[in-house]
Amino acid sequence: MQRIRLRYTKRGRLRFTSHRDFQRAFERALRRSAVPMAYSAGFTPHPKVSYANAAPTGTASEAEYLEIGLAATRDPEALRRQLDESLPPGLDITDAVEVRTSNFVERLEASEWLLRLAGVEPEQAAKAAATFLAAESVEVQRMTKNGLRTFDARAAVAALELLPDGAPQVGIGDDTLTDGADDVRTGAPCAILRLVVRHATPAVRPDDVLSGLRSTADLAPPVPAEVTRLAQGPLDEQTGTVTDPLALDRAAAEVGR
């Protein structure tokens, strides 16, 4: 069985699709593309597809990952193009590599997020981020399936900073226009924060950090923040950057060739 790891996106309005919605769309794309899938054993065989750390519903993402098992060998790039053509615009397959290494999920150590705060002055957002980082702990609450849970949102944050004017925006959609200081559509102020969060237990989400900014610095955007995951993978603690989790598979493929 050949295994392929894929990177895909959720852009524009399709950021509102749930993980289950994407699963259904992807399985339809597999059938339309006639991909020779490997199936599980038993009375109800299922295609061998595994997903890793999906983004919450309502957040855009440039870095979602899944793995599929094939019953016949295929070229990863040709397979990527074939599947991408079978998915709606916004759900885009952007990368594909043959599996050459194990423990892929363990390499997803952190996520880099973009928080677009419409109606917030950049200086106010920068001060709020500094206040948040200066705190030893920031307790927030979130409703879970087991009830209301309180946990520390500060410990998982590796970086939180204001992006400079002119920072490029991705993921939200073509109607999102900003120069990093003002919303081009309305002229209202707009702050863009870059957030890097370690994957820990319990998982700290961008909305948890936004709750922490509200409680520590009284930062409350007048409209909901638009959130995009830019990357997830190994974390460089010295620079606070998230690197490519597929790099080891590419390197192993080069060695094999």
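Residues numbered from 1 in each chain as written. Predicted model: local features only at pLDDT ≥ 70, side-chain atom pairs only at ≥ 80, totals over all residues. Heavy atoms only, no water.

### Thoughts on the overall build of the protein
For the protein, the count of helices and strands is 6 helices and 12 strands. The globule rule puts the C-alpha radius of gyration for 257 residues at 18 Å, and the 20 Å found for the protein is close to it. The C-alpha extent of the protein, read off along each of the three principal axes, is 55 × 40 × 40 Å. In the protein, which comprises 257 residues, the share counted as buried stands at 46%. Long-range contacts, defined as pairs at least 24 residues apart, comprise 75% of the intrachain contacts of the protein with a sequence gap of at least 6. Summed over its atoms, the accessible surface of the protein is roughly 13,100 Å², and 50% of this surface lies on carbon and sulfur atoms. (Helix = DSSP H or I, 4+ residues; strand = E, 2+ residues; numbered from the N terminus. Rg over C-alpha atoms; globule rule 2.2 N^0.38 Å. Buried < 20%, exposed > 50% of the residue type's maximum accessible area, 1.4 Å probe, protein only. Contact = heavy atoms within 4.5 Å. Areas by Shrake-Rupley, 256 points an atom, 1.4 Å probe, with all protein chains shown as cover.)

### A closer look at the pairing of strand S6 (residues 139-144)
Sheet topology note: the S6/strand S7 (residues 147-152) ladder contains 6 bridges and is antiparallel. Paired with Glu 139 across the strands is Asp 152, a residue of S7. From the end of S6 to the start of S7, which pair antiparallel, there are 2 residues. (Pairing = 2+ DSSP bridges.)

### Topic: empty space enclosed by the protein
Rolled over the atoms, a probe sized like a water molecule indicates the empty space that remains. Following the criterion strictly, the structure yields 2 cavities of 30 Å³ or more and no others. Taken as a whole, the largest cavity holds about 40 Å³ of empty space. Lining the largest cavity, in full, are Tyr 8, Lys 10, His 19, Phe 22, Ala 54, Ala 55 and Glu 64. Mapped onto the lining of the largest cavity, the elements with two or more residues apiece are strand S1 (2-10) and helix H1 (19-32). (1 Å grid on protein atoms, 1.4 Å probe; cavity = no way out; pocket = protein on both sides within 12 Å on 5 of 7 lines; lining within 4 Å. Points joined across faces, edges and corners; volume = space filled by probe spheres on them.)

### So, the pattern of salt bridges
Taken as a whole, this structure holds 18 salt bridges when the rule is applied. Across the pair Arg 5 and Glu 67 runs a salt bridge, and its minimum N-O distance is 3.1 Å. With a gap of 62 residues between them, Arg 5 in strand S1 and Glu 67 in strand S3 (residues 60-70) connect regions that are remote in the sequence. Judged on exposure class, the residue Arg 5 and its partner Glu 67 are both buried. (Salt bridge = Lys/Arg side-chain N within 4 Å of Asp/Glu carboxyl O.)

### A short note on the domain arrangement of the protein
As a measure of interface size, the accessible area lost when the parts come together is often cited. Domain annotation for the protein reports domain 1 (2-106 + 245-256) and domain 2 (108-242). Computed from C-alpha atoms alone, the centre-to-centre distance between domain 1 and domain 2 is 27 Å. With 21 residues of domain 1 at the interface, the matching set in domain 2 holds 19 residues. Both faces combined, the contact of domain 1 with domain 2 buries some 1,300 Å², and carbon together with sulfur accounts for 53% of it. Of all residues in domain 1, Asn 53, Ala 60 and Glu 62 give up the largest surface area on contact with domain 2, accounting jointly for 31% of the area buried on that side. For the pair domain 1 and domain 2, the interface holds 1 salt bridge. Linking Arg 229 and Glu 64 is a salt bridge whose minimum nitrogen-to-oxygen distance equals 2.8 Å. (Domains from an automatic or database assignment. Buried area = accessible area lost by both parts, 1.4 Å probe.)

### Some thoughts on the packing of helix H4 (residues 122-134) against helix H5 (residues 206-217)
With their axes 9 Å apart at the nearest point, H4 and H5 run at an angle of 95° to one another. Between H4 and H5, the angle falls in the class roughly perpendicular. In this structure, H4 contributes Ala 128, Ala 129, Thr 131 and Phe 132 to the contact, and H5 contributes Val 209, Gly 212, Leu 213, Thr 216 and Ala 217. Class assignment of the residues belonging to the contact of H4 with H5 gives a composition of 6 nonpolar, 3 polar and no charged. (Axes fitted to C-alpha atoms, helices over the stretch in contact; angles between N-to-C directions. Parallel < 35°, antiparallel > 145°, perpendicular 65-115°, else oblique. Nonpolar A, V, L, I, M, F, W, Y, C, P; charged D, E, K, R; others polar.)

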